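Below are the chains, spelled out letter by letter.
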Number of protein chains: 2
Amino acid sequence: MKPRKPRPAAPPRFDIGERLRDLRERLGLSQRALATRAGVTNGMISLIEKNRSSPSVATLKKILDGFPMSLAEFFSVGQPEPPRIFFSADELVEIGGGAISYRQVGANLQGKALQLLHERLQPGADSGAAMLRHDAEEGGIVVRGELELTVGLETRRLRAGDAYAFSSRIPHRFRNLGREVCEIVSACTPPSF
Amino acid sequence: MKPRKPRPAAPPRFDIGERLRDLRERLGLSQRALATRAGVTNGMISLIEKNRSSPSVATLKKILDGFPMSLAEFFSVGQPEPPRIFFSADELVEIGGGAISYRQVGANLQGKALQLLHERLQPGADSGAAMLRHDAEEGGIVVRGELELTVGLETRRLRAGDAYAFSSRIPHRFRNLGREVCEIVSACTPPSF
DNA sequence: TAGCGGCGTTTAGTATATTAAGCAAGCACG
DNA sequence: CGTGCTTGCTTAATATACTAAACGCCGCTA
């Protein structure tokens, strides 16, 4: 696999030029204005935006400093969001049914910002794999028993006194692998249901 | 608009060479092996790792494809690290020391929406009369012992399993009138401190 | 010992990124 | 109309990224 052929202008699944131009115009900057702030020439901006030149990382960084924006941010748009590997769609979560029972603090959560739950997981209880909620944050503290918690790719076993907190957009899963009932107090904002 | 020259504000200098070498060695790849997978020359890898050459974005992307790794991931190191998810009991940050001790889930709550506390009230503990917080909601569940809670004009005595929820703007007061330690798990959104 | 095959590094040449300068078009003002 | 300033674009020259090939080193095995 020797690279012999000249570069075919890079198949950009990520269109640097387009993205750069979009950013620049969104800030209402001219090519020259941005070039001045970044310490490069206006011609360079033009060439990059038209993908007639593939900037070096150093140059791109200088340009982004003019916004300012980090390289990570620049490339993080439309980028592979956390790969949801363990996404079993056939298993629907039924909170409150069977092995997992919860007690919710407050009845009508309309307009409220906070949801507080006291959950009980019977031995062997499993919340199921996918609970892809909208923008929300949740966290909890284990009060009794043992909890196996999977968030994204990470799995941990938590005991009484241990805690967790994460963005609800990440697929997560609760399981009680012990022989004792597991109790946790969890909070979610905004309420998920 | 006349472009005022803002200070480039040199962010944490990102050592591409070091990072690349670290990644490559972590995967146990030789420069040649990586170069072959990436479709560049081994010499290029060497030059980049020693920062003797500043790769173009296109080249860096080809190299990262050999891992594989996205540009976003590559540059996301040293950036604001992904928020902690799991907290063991002894990791919870202690906030108050006296009769009422708060153990907070997570340390830096800037930008977070949720604050989760594990509170311990010694017998006789008293939070004081007025705690007029900003716009926030809070709630909690009593895990152990007894709690006397005053919210506005109402006072109630809560036992293990009982819960509360109210708007933080209302003056409130926590007291432990019993002879046993009282434990509660409380949540607040947005964080109050 | 010689010889092989791996490693990372360096060099010389060439392809390309980048600059500096100039281009035409658009808009405002006299 | 012209003058001046803007915009984005293009070109010639220069700096440098990148390649191909060679170099030196180390650990093998015969």
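Not measured: the values here are computed from a predicted model. (Residues numbered from 1 in each chain as written. Chains lettered and ligands numbered in written order. Predicted model: local features only at pLDDT ≥ 70, side-chain atom pairs only at ≥ 80, totals over all residues. Heavy atoms only, no water.)

J.: If you had to explain the pairing of strand 8 (residues 163-167) of chain B to someone new, which residues and values would you point to?
T.: All names here are of chain B. Here strand 8 shows one buried face, formed by Tyr164 and Phe166, and one open face, formed by Ala163, Ala165 and Ser167. In the sheet, strand 5 (residues 137-144) pairs with strand 8 via five bridges, with the strands oriented antiparallel. Paired with glycine 139 across the strands is alanine 165, a residue of strand 8. (Buried < 20%, exposed > 50% of the residue type's maximum accessible area, 1.4 Å probe, protein only. Helix = DSSP H or I, 4+ residues; strand = E, 2+ residues; numbered from the N terminus. Pairing = 2+ DSSP bridges.)

J.: Could you give an account of the protein's contact with DNA strand C, with specific residues and numbers?
T.: The full set close to DNA strand C counts 20 residues, and A:Ser56, A:Thr59, B:Ser30, B:Gln31 and B:Arg32 are the nearest of them. The sugar and phosphate moieties of DNA strand C supply 68% of its atoms located within 4 Å of the protein. Between DNA strand C and the protein, one listed contact pairs a sugar or linking oxygen with a backbone N or O atom of A:Ser54 at 3.5 Å. Interatomic distance of 2.8 Å between a side-chain N/O atom of A:Ser56 and a phosphate oxygen of DNA strand C. Those elements that provide at least two residues to the surface near DNA strand C are helix 3 (42-49) of chain A together with helix 1 (16-26), helix 2 (31-38) and helix 3 (42-49) of chain B. Considering every element that reaches the surface near DNA strand C, the biggest residue donor is helix 3 of chain B, with three residues. Its residues assigned to classes, the surface near DNA strand C shows four nonpolar, ten polar and six charged. (Near = heavy atom within 4 Å. Polar contact = N/O pair within 3.5 Å; in protein donor to acceptor, adjacent residues only side chain to side chain. Nonpolar A, V, L, I, M, F, W, Y, C, P; charged D, E, K, R; others polar.)

J.: Could you give me a rundown of the nonpolar core, with the residues and numbers involved?
T.: A:Phe74, A:Phe75 and B:Phe75 are the most contacted members of the largest nonpolar core, which totals 42 residues. With residues near it in sequence (within four places) discarded, A:Phe75 still touches A:Phe14, A:Leu60, B:Val57, B:Leu71, B:Ala72 and B:Phe75. (Core = buried A, V, L, I, M, F, W, Y, C linked by side-chain atoms within 4.5 Å. Contact = heavy atoms within 4.5 Å.)

J.: Residue-level account of the protein's contact with DNA strand D, with values.
T.: Taken together, 20 residues form the shell around DNA strand D, and within it A:Arg24, A:Gln31, A:Arg32, B:Ser56 and B:Thr59 come nearest. At the protein interface, 71% of the atoms of DNA strand D within 4 Å belong to sugar or phosphate. Within the side chain of A:Arg21, one N or O atom sits 3.0 Å away from a phosphate oxygen of DNA strand D. For DNA strand D, a sugar or linking oxygen lies 3.3 Å from a polar atom in the backbone of B:Ser54. If one sorts the elements of the surface near DNA strand D by residue count, helix 3 of chain A sits on top with three residues. In the surface near DNA strand D, the residues fall into four nonpolar, ten polar and six charged.

J.: Lay out the packing of helix 2 of chain B against helix 3 of chain B with the relevant residues and their values.
T.: Residue and element names in this part refer to chain B. Two elements in contact, helix 2 and helix 3, have axes separated by 8 Å at closest approach and are oriented at 115°. One way to sum up the angle between helix 2 and helix 3 is to call them roughly perpendicular. In the crossing of helix 2 with helix 3, the sense of the turn from one axis to the other is right-handed. Listed contacts from helix 3 to Gln31, Arg32, Leu34 and Ala35 of helix 2 are Asn42, Ile45, Ser46 and Glu49. In the contact of helix 2 with helix 3, the residues fall into three nonpolar, three polar and two charged. (Axes fitted to C-alpha atoms, helices over the stretch in contact; angles between N-to-C directions. Parallel < 35°, antiparallel > 145°, perpendicular 65-115°, else oblique. Left-handed = near helix turned anticlockwise from the far one by under 90°.)

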